[in-house]
Amino acid sequence: MLFNRINTNLDVKFGFQKIKRGGLVLYFYTGLSIRTVQVRTNSELPVGGDFTDQGGVWTLRDNYNLTYPTPILGLKIGFTR
């Protein structure tokens, strides 16, 4: 069977950086990601066949749609020139 799984993300982040002595840079950020999963297929399920339930966002059922928020939180470390 052939499935088309389409994932779409919209991320919004806000952050600030702090420059320490010696050129060390710390970048802190937070935000929200809105994620959408869509599954489409033109295949026919064989007679007597069934989908394996993989649970959650990994479900492969025709016309499956799921939209969910995910928080974003992070820290990046770098150096200035």
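Structure: above.
Definitions and cut-offs
- Numbering of residues starts from 1 in each chain and follows the order in which that chain's sequence is written.
- Thresholds applied to this predicted model are a pLDDT of at least 70 for local features of residues and 80 or more for the giving and counting of side-chain atom pairs; totals over whole chains, interfaces and linings are not thresholded and use all residues.
- Values shown for side chains rest on all heavy atoms present in the structure; no hydrogens or waters enter the calculation.
- A run of H or I in DSSP counts as a helix once it spans at least four residues, and a run of E counts as a strand once it spans at least two, with each numbered from the N terminus.
- Under the rule applied, a polar contact is a pair of N or O atoms within 3.5 Å (in protein, one hydrogen donor and one hydrogen acceptor; residues adjacent in sequence only if both atoms are side-chain atoms).
- Contact criterion: two residues are considered in contact whenever any of their non-hydrogen atoms come within 4.5 Å of each other.
- For Phe, Tyr and Trp, where Trp contributes only its six-membered ring, two rings pair if their centres lie within 6.5 Å, and the inter-plane angle classes them as stacked under 30 degrees, edge-to-face over 60, or tilted in between.
- The buried label goes to any residue with under 20% of its type's maximum accessible area, the exposed label to any with over 50%, and the partly exposed label to all in between, with areas taken from a 1.4 Å probe on protein chains only.
- Strand pairing is assigned whenever DSSP detects at least two bridges linking the two strands.
- In this analysis, axes come from line fits to C-alpha atoms, helices being fitted only over the stretch in contact, and the angle between any two N-to-C directions falls in the range 0 to 180 degrees.

1. Some remarks on the side chain of Ser33
Looking at the element boundaries, Ser33 is found in strand β2 (residues 24–40). In this structure the side chain of Ser33 is engaged in a polar contact, spanning 2.5 Å, whose partner is the side chain of Asp11. Apart from the residues within four sequence positions on either side, Ser33 is in contact with Asn9, Leu10, Asp11, Tyr68, Pro69, Thr70 and Ile72.

2. Quick word on the packing of aromatic side chains
One pass over the full model with this rule turns up 2 aromatic pairs. Taken together, a centroid distance of 5.5 Å and an interplanar angle of 35 degrees make the contact between Phe16 and Phe28 tilted. In this pair, Phe16 sits in strand β1 (residues 4–19) while Phe28 sits in strand β2, placing the two residues 12 residues apart along the sequence. Classification of Phe28 as partly exposed rests on a relative accessible area of 33%.

3. Regarding the pairing of β2
As defined by bridge partners, β1 adjoins β2 across 16 bridges and the pair is classed as antiparallel. Paired with Phe16 across the strands is Phe28, a residue of β2. Hairpin connection of β1 to β2: 4 residues between the antiparallel strands, including Gly22 at a positive phi of 85 degrees. Bridging between β2 and strand β3 (residues 64–79) involves 16 bridges; their strand directions are antiparallel. Bridging from a neighbouring strand, Val39 pairs with Tyr64 of β3.

4. Quick word on the side chain of Thr41
As for its position among the elements, Thr41 is in the loop between β2 and β3. The buried category is assigned to Thr41, whose relative accessible area is 10%. With sequence-adjacent residues up to four places away left out, Thr41 is seen in contact with Leu2, Phe3 and Asp62.

5. Re the sheet that holds β1
Pairing is antiparallel across the open sheet formed by 3 strands, whose spatial order is β1-β2-β3. Where the open sheet ends on each side, the last strands, each with one partner, are β1 and β3. Averaged over all pairs of adjacent strands, the angle between their axes in this sheet comes to 15 degrees, without regard to strand direction.

Remember that the coordinates give geometry; whether it matters functionally is a separate question.
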